[in-house]
Amino acid sequence: MNLFLFFIFYFNVLFITDNGHKFYVSTTTIEFKPTSKSLQITSQLFTDDLQLIMREQDESIILDPDSDSEFIDQLIENYFKKNLVFSSKGINIPYIFLGKEYLNNITKCFIELKFTETPNKLELSNELFLSLFKEQQNIVHFKNLGQRKSYLLHINKRSVTLNLSP
């Protein structure tokens, strides 16, 4: 399954055209670090999709390294906090948006979530781009204590429970 999801994402990157792309997918990798009681999170998104969603806030937005980084980071952070939500026992857990980097047609976003007390289970709701594309698929890779699990989220399955206990 992991290999299949890996190929879906990278196969999609190969088919990017000047007018967009045929497939709608994001990949979010989450690694639990028990010693620091934190999650290290990286989301990889097609830059044109992210720009399209950012233009709902400001039509003049252009995502590139020369753009107003602080303003764009704030817009991206606000979008993420509404559409990538972690919760435990029904209570949302805040996280820190650390920044982003552009790599070809991909934008990588970096997030850190620190716990005061680590819950046994964590609910992740990933609704990135679901408002734009009914075909959107959000792949989640979760690493914990040397084990890796992958999940495929979409319009009909928007969330998953992550097990943080050993």
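Residues numbered from 1 in each chain as written. Predicted model: local features only at pLDDT ≥ 70, side-chain atom pairs only at ≥ 80, totals over all residues. Heavy atoms only, no water.

A. A look at the overall build of the chain. Broken down by element type, the chain carries three helices and 12 strands. Carbon and sulfur atoms provide 51% of the accessible area of the chain, an area that totals close to 9400 Å². (Helix = DSSP H or I, 4+ residues; strand = E, 2+ residues; numbered from the N terminus. Areas by Shrake-Rupley, 256 points an atom, 1.4 Å probe, with all protein chains shown as cover.)

B. Structural detail: unusual backbone geometry. Of note in the backbone geometry, Asn104 takes a positive phi value of approximately 55 degrees without being a glycine. Mapped onto the elements of the fold, Asn104 is located in the loop between β7 (96-103) and β8 (106-114). Note on Asn104: relative accessible area 80%, which makes it exposed. Its identity is not glycine, yet Phe129 carries a phi of approximately 65 degrees, on the positive side. Assignment of secondary structure puts Phe129 in the loop between β9 (121-126) and β10 (137-144). (Buried < 20%, exposed > 50% of the residue type's maximum accessible area, 1.4 Å probe, protein only.)

C. Structural context of helix α3 (residues 69-83). Taking 1.5 Å per residue, 15 residues should reach 21 Å; α3 reaches 21 Å between its end C-alpha atoms and fits that length. For α3, the set of buried residues is Ile72, Asp73, Leu75, Ile76, Glu77, Tyr79, Phe80 and Asn83. In this fold, the buried residues of α3 make contact with β4 (38-46), α2 (47-54), β5 (84-88), β7, β8 and β9. (Expected span 1.5 Å × (residues − 1). Contact = heavy atoms within 4.5 Å.)

D. Layout of the sheet that holds strand β12 (residues 159-163). Strands sit in the order β6-β5-β9-β12 across an open sheet of four strands; the sheet is antiparallel. Because the sheet does not close on itself, it has two edges, and the strands there are β6 (91-92) and β12. As defined by bridge partners, β9 adjoins β12 across five bridges and the pair is classed as antiparallel. What sits directly across from Glu123, in β12, is Thr161. Where α3 meets the sheet, its contacts fall on β5 and β9, and the angle it forms with β5 comes to roughly 45 degrees. (Pairing = 2+ DSSP bridges. Axes fitted to C-alpha atoms, helices over the stretch in contact; angles between N-to-C directions.)

E. Spatial organisation of the nonpolar core. Counting 36 residues, the largest nonpolar core has Ile30, Leu39, Phe80 and Phe86 as its most contacted members. With five residues, α3 is the largest single contributor of residues to this core. Beyond its immediate stretch of four places on either side in the chain, Phe86 contacts Ile30, Leu39, Ile41, Ile91, Asn92, Ile93, Tyr95, Leu113, Leu122, Glu123 and Leu124. (Core = buried A, V, L, I, M, F, W, Y, C linked by side-chain atoms within 4.5 Å.)

F. Summary view of the sheet that holds β4. Taken together, six strands build an open sheet; the order of strands is β7-β8-β4-β3-β10-β11 and the sheet is mixed. Only two strands of the sheet have a single neighbouring strand rather than two, namely β7 and β11 (147-154). Taking the axes of each pair of neighbouring strands and ignoring which way they run, one obtains an average angle of 15 degrees across the sheet. Taken together, the eight bridges between β10 and β11 define a ladder with antiparallel strand orientation. The partner of Asn144 across the bridge, within β11, is Gln147. Lying on the sheet, α2 is in contact with β4, β7 and β8; it crosses β4 at an angle near 95 degrees. Set on the sheet, α3 makes contact with β4, β7 and β8; between it and β7 the angle comes to about 115 degrees.

G. Structural view of the packing of α2 against α3. Orientation of α2 relative to α3, taken along the N-to-C sense of each, is 90 degrees, at an axis distance of 11 Å. Looking at the two axes, α2 sits roughly perpendicular to α3. Between α2, through Leu50, Ile53 and Met54, and α3, the contact on the second element is made entirely by Leu75, Ile76 and Tyr79. Partitioning the contact of α2 with α3 into residue classes produces six nonpolar, no polar and no charged. (Parallel < 35°, antiparallel > 145°, perpendicular 65-115°, else oblique. Nonpolar A, V, L, I, M, F, W, Y, C, P; charged D, E, K, R; others polar.)

H. Spotlight on α2. Within α2, six of the eight residues are buried, which leaves it mostly tucked inside the rest of the structure. Taken as a whole, α2 has its buried residues at Thr47, Asp49, Leu50, Gln51, Ile53 and Met54.

Structural measurements only, silent on function.
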